[in-house]
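# Per-entry structural report
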Amino acid sequence: MVTTEKGKQPCDKVIDYSSVAVYCSGITKTYGSGHEVVHALNGISLEIYPGELMMLVGPSGCGKTTLISIMAGILDQDDGECLVFGHNYRQMREVEKTRYRGDTIGFVFQAYNLIPTLTAAENVAVPLLIRGMKRKEAIEKARETLNNVGLADRAKALPADLSGGQQQRVAIARSLVHDPKLIVCDEPTSALDHETGYKVMELLGFVAVCSGRSLVIVTHDARIFSFADRIARMDDGKIIGVANSPDKLTKK
Amino acid sequence: MNFVAIKMLVGDRAKYLGILIGLTFSSFLITEQMAIFTGLMTRTFGFITDTSIADVWVMDPKVQFVDDIKPMQDTQLYRIRGVDGVEWAVPLYKGLLKAKLESGTFQTVNMIGLDDATLIGGPSKMIQGKLEDLRQSEGVIVDIVGATGKLAKPPLSPGGERIPINIGDTLEINDHRATVVGTCVVTRTFQSQPVVYTTYSRATIFAPRERKLLSFILVKAKQNEDIHALTRRIRKVTGLAAYSRDEFKQLTVNYFMKYTGIPVNFGIAVLLGFVVGIAIAGQTFYNFTLDNLRHFGTLKAMGTTNAKLLGMIILQAMIVGGIGYGIGVGAATLFGYMVKGTELAFRLPWQILAITGLAMAFICILSAVISIRKVMKLEPAIVFKT
Ligand SMILES: Nc1ncnc2c1ncn2[C@@H]1O[C@H](COP(=O)(O)OP(=O)(O)O)[C@@H](O)[C@H]1O
Ligand SMILES: [Mg+2]
């Protein structure tokens, strides 16, 4: 087994290169039809390993969001294969796919997407409630997770009473609370100022990557590239390069 | 997830109140319109209600409703008394007569003439005097609304209050003197004229001379006698029309339904209440779901199945529907209580509550279904859109 040690994490950071978390091969996706057709993805092949933090970078409109939507099982590709931990979304019925998402995927959104009428703890508890956990137990677990992201004292606050950075930390807690194996983040820091964004990224880097969990983060933010194990650069619906560090990537 | 559904619903006070007000308003509107309609329809047969002692009403076969007087010959009374199963049968005069008031003005009154011997069919509630006082010469009993209203005497000084006619006051009916011996309460009817009770024989004196004067024959069935068998027998033996009390009420309502614009107009008002109700309630609830579409999308992305989302929306619809129904019906009841004793007809039997309940359920299900369609078709991929 080939592993990479990074050492800073609160848990053992181990990338397992012997298996594949996300396997994409020849994925294409077009939106619309006729005159309006948009070729969002033009044959994407990419592998993400368990325990790995993969960043997707590229100009706006190059297909990053489309790609992680397919990886997360909320969008169907036109062609090609996408397997997540060996499971093929295409072979699942809609309900199965929905349940699989609930069990396996954590989501972090640029706009946080917290439910405004739920408190921080209740928002974090939602993935557990979806999986049928009792409310009391779920809130308890949510509070622990909020503690891990440094927001134990804001458990009862409504999203509107939290700063952007705090809201994103609540969202990160929500993406972690049910211990998913894959977390997808779409520009998690781009609504935040650089300092807050950096802290949020630190949190994702430290807390999220544990016990074989993989992260895919779409970002524009060059300052957080250093958190990535690998960076894939996209343009025009294609991957134009994958590198272990931002330096190599820019050299390419 | 029920907890999340409830919190989504009630968490935003302003929106929640908006939906509740919409549903409450429509529930109130539907209940109130139907209650007024029912009240009006009940008024059409108010006189039959007041004369509840009779099991069977016998009349000319051409009579279409209770105020439609087609007199019979007095001799018919004896034929009815001879029919099997009749305990007793008494005559009743009902007709519109012109009364001259002490002030010299004329007022049409609804004259009711009761069987001289028994006074059967008289008002059930007297305010002043006794029913038996009708036996005094020239005696009449007037209903209290008429006594204080259309029959009242002019004020002593101009601009003052009109003086109700009272015991001892006189009227002149077709040149015959009548003396008030009592006042009574009658159920309001569609006829706005004052009701004046007297004996049958005196009524026939008051009435213009005609060959036939007998308006109705009131019949009491023998104990254990089947009313419908009796009406059939009366019809067969005499060729007259005979209806049970409820049949006669129905006949009257049907006539008003068919031949007057009132039910149509009110039917339209009820329908309008319904449509406005659906529009307001459906719209507010639908908007609520639309406003929350992004959150439903997030829940869907995070693993909530369509079936669960469906349950959540139905729960939300049931909560606002239930509360809106309760408050609306409560408000309508309160409204009915407040207009009690006024000109406004208002009757709220349990059937109306049930119909409103069904209507509200229908509205909620409809708006939930429309909302659900939106959520079912929702692409979870919208969650990444900003
Ligand atoms: N639902 C959609 N309908 C039509 N076109 C879309 C849709 N979503 C994305 N696109 C188009 O597909 C391309 C890729 O979009 P996206 O994956 O969002 O790019 P990125 O996230 O890299 O900015 C863009 O040209 C975008 O306009
Ligand atoms: Mg994007």
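Up top you'll find the structure we're talking about.
The structure displayed is predicted, hence computed values, not measured ones. (Residues numbered from 1 in each chain as written. Chains lettered and ligands numbered in written order. Predicted model: local features only at pLDDT ≥ 70, side-chain atom pairs only at ≥ 80, totals over all residues. Heavy atoms only, no water.)

Of the residues lining the interface, 24 residues belong to chain B; the matching set on chain A comes to 31 residues. When chain B packs against chain A, close to 2,400 Å² is buried across both sides, 70% of that on carbon and sulfur atoms. Across the contact surface, chain B and chain A share one salt bridge. When the shortest N-O distance is used, the salt bridge between Lys7 of chain B and Glu122 of chain A registers 2.9 Å. For the pair chain B and chain A, the interface holds seven residue pairs in polar contact (both at pLDDT 80 or more). Those elements giving two or more residues to the side of chain B that touches chain A turn out to be α1 (2-11) and α10 (293-301) of chain B. The greatest single-element share of the side of chain B that touches chain A, amounting to six residues, is contributed by α10 of chain B. Here the residues of the side of chain B that touches chain A are counted per class, giving eleven nonpolar, seven polar and six charged. (Contact = heavy atoms within 4.5 Å. Buried area = accessible area lost by both parts, 1.4 Å probe. Salt bridge = Lys/Arg side-chain N within 4 Å of Asp/Glu carboxyl O. Polar contact = N/O pair within 3.5 Å; in protein donor to acceptor, adjacent residues only side chain to side chain. Helix = DSSP H or I, 4+ residues; strand = E, 2+ residues; numbered from the N terminus. Nonpolar A, V, L, I, M, F, W, Y, C, P; charged D, E, K, R; others polar.)

Put simply, the largest pocket is a space of about 840 Å³. Among the secondary structure elements, those contributing two or more residues to the lining of the largest pocket are α2 (13-44), α5 (144-148), β7 (176-185) and α11 (306-338) of chain B. A breakdown of the residues in the lining of the largest pocket according to their chemical character gives 14 nonpolar, 14 polar and seven charged. For the lining of the largest pocket, the two domains that each supply at least three residues are domain 1 (2-43 + 261-384) and domain 2 (73-239) of chain B. Computed from the structure, the second largest pocket encloses a volume of approximately 380 Å³. Lining the second largest pocket are 20 residues, and of these Gly61, Thr65, Thr66 and Asp186 of chain A together with Lys385 of chain B sit closest to its centre. (1 Å grid on protein atoms, 1.4 Å probe; cavity = no way out; pocket = protein on both sides within 12 Å on 5 of 7 lines; lining within 4 Å. Points joined across faces, edges and corners; volume = space filled by probe spheres on them. Domains from an automatic or database assignment.)

Attention shifts here to the sheet that holds strand β9 (residues 230-235) of chain A. Residue and element names in this part refer to chain A. Taking strand neighbours across the sheet as the criterion, the six strands line up as β6-β7-β8-β3-β9-β10 in an open arrangement whose pairing is mixed. Bordering the open sheet on either side are β6 (105-108) and β10 (238-243), each of which pairs with just one other strand. On average, each strand axis in the sheet is inclined to that of its neighbour by 20 degrees, with strand direction left out of account. Relative to strand β7 (residues 182-186), β6 runs parallel, the two sharing four bridges. Across the sheet, residue Gly106 finds its bridge partner in β7, namely Ile183. (Pairing = 2+ DSSP bridges. Axes fitted to C-alpha atoms, helices over the stretch in contact; angles between N-to-C directions.)

Here we come to the site of ligand 1. Taken together, Tyr31, Val38, Ala40, Pro59, Ser60, Gly61, Cys62, Gly63, Lys64, Thr65 and Thr66 of chain A together with Lys385 of chain B make up all the residues around ligand 1. Proximal residues around ligand 1 fall on chains A and B, making this an inter-chain site. The contact in question runs from an oxygen atom of ligand 1 to an N or O atom on the backbone of Gly63 of chain A, over 3.1 Å. Between Thr66 of chain A and ligand 1, the recorded distance is 2.5 Å, taken from a side-chain N or O atom to an oxygen atom. Protein chains shield 65% of the accessible area of ligand 1, which is 550 Å² for the free molecule. Of the pockets mapped on this structure, ligand 1 occupies the second largest pocket. Going through the elements one at a time, β2 (38-48) and α1 (64-71) of chain A are the ones with two or more residues in the shell around ligand 1. With three residues, the single largest contributor to the shell around ligand 1 is α1 of chain A. (Near = heavy atom within 4 Å. Areas by Shrake-Rupley, 256 points an atom, 1.4 Å probe, with all protein chains shown as cover. Sits in = over half its atoms within 2 Å of the grid points.)

Take the nonpolar core next. Across soluble globular proteins, you tend to see nonpolar side chains buried next to one another. Grouped together as the largest cluster of nonpolar side chains are 156 residues, with contacts concentrated most on Met55, Phe107 and Leu146 of chain A together with Val4, Trp57, Tyr197 and Leu299 of chain B. Here the element with the most residues in this core is α2 of chain B; it accounts for ten residues. Here this core spans two domains, and each of domain 1 (2-43 + 261-384) and domain 2 (73-239) of chain B adds at least three residues to it. The contact partners of Phe107 of chain A, leaving out residues within four places of it in the chain, are Ala72, Ile74, Arg101, Ala171, Ser175 and Val184 of chain A together with Ala301, Met302 and Phe384 of chain B. (Core = buried A, V, L, I, M, F, W, Y, C linked by side-chain atoms within 4.5 Å. Buried < 20%, exposed > 50% of the residue type's maximum accessible area, 1.4 Å probe, protein only.)

A few words now on the packing of α10 of chain B against helix α12 (residues 350-376) of chain B. Relative placement of two packed helices is described by the angle separating their axes and the distance separating the axes. Residues and elements named next belong to chain B. Contact geometry of α10 with α12 gives a least axis separation of 10 Å together with a crossing angle of 50 degrees. Compared by their axis directions, α10 and α12 come out oblique. As for how α10 packs across α12, the hand of that crossing is right-handed. Mapping the contact onto sequence places Leu293, Phe296 and Lys300 in α10 and Lys374, Val375 and Met376 in α12. Classifying every residue of the contact of α10 with α12 gives four nonpolar, no polar and two charged. (Parallel < 35°, antiparallel > 145°, perpendicular 65-115°, else oblique. Left-handed = near helix turned anticlockwise from the far one by under 90°.)

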